[in-house]
Amino acid sequence: MREKGKKGHPPLCMPPGRRPRVLLLGNGLNRVYGGASWSGLLEKINRTDYTQEQIKTIPLPMQAVLLSQDHVDESLKDLREELTQCELHPWLEKQLQRLLALPFDCILTPNFTYELECAMDPDFLNVPYRIRRMRRHTAAVKQSEKRFMLHTYYDLPLAHGPTPLFHIHGEALKPDSVILGHYFYGTLLFSYDNYLTRRAPQQCYRMEGGHLLSWLDYFILGDVYTLGFGFDTAEIDLWWLLCRKKRERASHGAIYFFEPRRQVSEIKRGLLEAYDVRCESLGTSEPDNDGYRVFYEKAIGEIGHRLGRSV
């Protein structure tokens, strides 16, 4: 707990019992065997004569705006069918199933696509009524959100119990919800601040059916295990949340960042540690593609060990 007089946000009331256990899963595992990449997405939405080499010095969200001529939403609607196909490489399917077997209370992903859902149920995208049945929203809103999905999630029926999965930057089935471009990042960040500060100082974060009411609550209160997500500095909303979590005056969870140690990312690692993120390389540095495969397998085993579950 921070000392009295220190600047920070009013304390949150922790949910009863232990801290929430949260997985933040990025696109890294998909990339091991040639899955969709950011550069591949930019190629598909490019309406200009610019190459990615020419624009690589500007932030990633601005790259999307420039190449789509500020028609990111329309471009993604054109790609909806492609982005909602789900054929998983056997290795990826196995690793995702290992993660789904771990006793997480919540899963967060910035991915627009549905690898986790398809690892749980290969027919997920083929049965529309099943998608509608699994899509839920918390009592904080009256219906599933169309754009900034702070309270809308998929309720995964996993072996250890129902687990909310939030697509924190939107999803391909709802192209208007996808966050690309600085305008949308900025508006999203405003919605974070609005949600986290509109309560009275003495008010507790509420729960509904054992679940917190927003993925932001899980991120702030929980122990967050980050895997396959590089924390690119362009992800301004998540860097803001790291700072917001650090400034919380009440006892709250840690963030564990699993990534091999690479020379090019040393400055980023230093910045993460300044925000109290615990960086875990598991003794791995500068891996090739096979090295990443081994690293992810090892990291999932290590996370399982820390959660008391061998996978």
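Everything below is about the structure shown above.
Just so it is clear, the model here is predicted, and its values are computed rather than measured. (Residues numbered from 1 in each chain as written. Predicted model: local features only at pLDDT ≥ 70, side-chain atom pairs only at ≥ 80, totals over all residues. Heavy atoms only, no water.)

Colleague: What's the story with the overall build of the chain in this structure? I'm lost.
Modeller: A count of helices and strands for the chain gives 14 helices and 10 strands. The globule rule puts the C-alpha radius of gyration for 311 residues at 19 Å, and the 19 Å found for the chain is close to it. Viewed in the frame of its principal axes, the chain has a C-alpha envelope of about 55 × 45 × 40 Å. Across the 311 residues in the chain, those meeting the buried criterion constitute 53%. In the chain, the share of contacts with a sequence separation of at least 24, taken over all contacts with a separation of at least 6, comes to 68%. (Helix = DSSP H or I, 4+ residues; strand = E, 2+ residues; numbered from the N terminus. Rg over C-alpha atoms; globule rule 2.2 N^0.38 Å. Buried < 20%, exposed > 50% of the residue type's maximum accessible area, 1.4 Å probe, protein only. Contact = heavy atoms within 4.5 Å.)

Colleague: Sorry if this is basic, but what is going on with the nonpolar core here?
Modeller: Nonpolar side chains in soluble globular proteins tend to be buried together. With 52 residues, the main nonpolar core has L29, L96, L99, Y154, L227 and F258 as its most contacted residues. Ignoring sequence-local partners within four residues, the contact set of L29 consists of W91, L92, Q95, L96, L99, L227, G228, Y296 and I300. By size, the runner-up hydrophobic cluster in this structure holds 37 residues, among which are Y218, I220, F231 and C279. (Core = buried A, V, L, I, M, F, W, Y, C linked by side-chain atoms within 4.5 Å.)

Colleague: Help me understand the sheet that holds strand β1 (residues 21-25) in this model?
Modeller: Across a sheet, strands are paired by hydrogen bonds formed along the backbone, either parallel or antiparallel in direction. The strand order β3-β4-β5-β2-β1-β8-β9-β10 describes an open sheet built from eight strands, whose pairing is mixed. The outermost strands of the open sheet, each flanked by one partner alone, are β3 (135-137) and β10 (277-280). Here the strands of the sheet are splayed against their neighbours by 30 degrees on average, with no regard to which way each runs. Both strand β2 (residues 106-109) and strand β5 (residues 161-167) contribute to a ladder of three bridges, which runs parallel. (Pairing = 2+ DSSP bridges. Axes fitted to C-alpha atoms, helices over the stretch in contact; angles between N-to-C directions.)

Colleague: Where do I start with the environment of E74 in this structure?
Modeller: Take E74: it is sitting in helix α5 (residues 72-78). When the C-alpha atoms of E74 and I45 are compared, they prove to be 9.2 Å apart, with 29 residues separating the residues in sequence.

Colleague: Looking at this structure, I do not really get the packing of helix α12 (residues 236-247) against helix α13 (residues 266-274). What am I missing?
Modeller: Close contact between α12 and α13 brings their axes to 10 Å; oriented N to C, the two are set at 35 degrees. Along its contact with α12, which presents W239, L242 and K246, the element α13 presents K268, L271, L272 and A274. Across the contact of α12 with α13, the residue classes tally to five nonpolar, no polar and two charged. (Nonpolar A, V, L, I, M, F, W, Y, C, P; charged D, E, K, R; others polar.)

Colleague: Mind showing me how you'd approach empty space enclosed by the protein here?
Modeller: If a probe as big as a water molecule is rolled over the atoms, it shows which places are left empty. Counted under the stated rule, the structure contains three cavities of 30 Å³ or more. Lining the largest cavity, in full, are L25, G26, L29, N30, L96, T109, N111, T113, E115, L116, E117 and H167. Looking at the lining of the largest cavity, the elements with two or more residues in it are α1 (28-32) and α8 (115-120). Here the lining of the largest cavity is built from residues that sort into four nonpolar, six polar and two charged. (1 Å grid on protein atoms, 1.4 Å probe; cavity = no way out; pocket = protein on both sides within 12 Å on 5 of 7 lines; lining within 4 Å. Points joined across faces, edges and corners; volume = space filled by probe spheres on them.)

Colleague: Honestly, unusual backbone geometry in this entry has me stumped. Any pointers?
Modeller: Glycine aside, a negative phi is what most residues show, and trans is what most peptide bonds show. We note that D70 has phi near 60 degrees; this positive angle belongs to a residue other than glycine. Residue placement: D70 occurs in the loop between α4 (60-67) and α5. Looking at D70, the relative accessible area reads 55%, which means it is exposed. The phi angle at L282 is positive, at roughly 55 degrees, despite the residue not being glycine. Along the chain, L282 turns up in the loop between β10 and α14 (289-306). By relative accessible area, which is 19% here, L282 ends up buried.

Purely geometric numbers; function is a separate question.
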